[in-house]
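What follows is the residue order along each chain.
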Amino acid sequence: MIIIERALKTAMKHEGEEQRTRDYQEVLYKLQESAKQALSVNPQMAKVDHDGIRYDYDDSSDLM
């Protein structure tokens, strides 16, 4: 999501056409509102420090 936000902000800076800039702003606003809503539904997700790595611990090794 951060990458999309950065891409939209960069596009707004470099876009010469006013209508496209407004379109980018609208998409960015909707994206940010969706993120806020998602985090308010699951407040634990807002508190978790995400490092981009997910560990899946499998305990089935002791069955062999």
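About the thresholds
- Residues numbered from 1 in each chain as written.
- Predicted model: local features only at pLDDT ≥ 70, side-chain atom pairs only at ≥ 80, totals over all residues.
- Heavy atoms only, no water.
- Helix = DSSP H or I, 4+ residues; strand = E, 2+ residues; numbered from the N terminus.
- Buried < 20%, exposed > 50% of the residue type's maximum accessible area, 1.4 Å probe, protein only.
- Areas by Shrake-Rupley, 256 points an atom, 1.4 Å probe, with all protein chains shown as cover.
- Salt bridge = Lys/Arg side-chain N within 4 Å of Asp/Glu carboxyl O.
- Expected span 1.5 Å × (residues − 1).
- Contact = heavy atoms within 4.5 Å.

**Re the overall build of the protein**
Of the regular secondary structure elements, the protein holds 3 helices and 0 strands. In the protein, the order of α-helices and β-strands from amino to carboxyl end is α-α-α. In the protein, buried positions account for 11% of the 64 residues. Total accessible area on the protein is roughly 6200 Å²; 53% of this is exposed by carbon and sulfur atoms.

**Focus: the pattern of salt bridges**
The tally for this structure, following the rule as stated, stands at 3 salt bridges. In this structure, Arg-22 engages Glu-18 in a salt bridge whose closest nitrogen and oxygen atoms are separated by 3.3 Å. In this pair, Arg-22 and Glu-18 both sit in helix α2 (residues 18-41), 4 residues apart, roughly one turn of the helix. Arg-22 sits in the partly exposed class, given a relative accessible area of 42%. We classify Glu-18 as exposed; its relative accessible area is 56%. The partner of Glu-26 in a salt bridge is Lys-30, and the shortest N-O contact between them spans 3.1 Å.

**Focus on helix α1 (residues 2-14)**
Its 13 residues give α1 an end-to-end C-alpha distance of 19 Å, which sits within 8% of 18 Å, the value for a rise of 1.5 Å per residue. Where α1 is buried, its residues meet α2.

**Quick word on α2**
Here α2 is 24 residues long and its end C-alpha atoms lie 35 Å apart, about the 34 Å a rise of 1.5 Å per residue gives. What α2 keeps buried is the set Thr-21, Leu-28, Leu-31 and Ala-35. Next to the buried residues of α2 lie α1.

**Section: the environment of Val-27**
Inspection of the secondary structure puts Val-27 in helix α2. For the pair formed by Val-27 and Glu-5, sequence separation is 22 residues and the distance between their alpha carbons is 9.2 Å.

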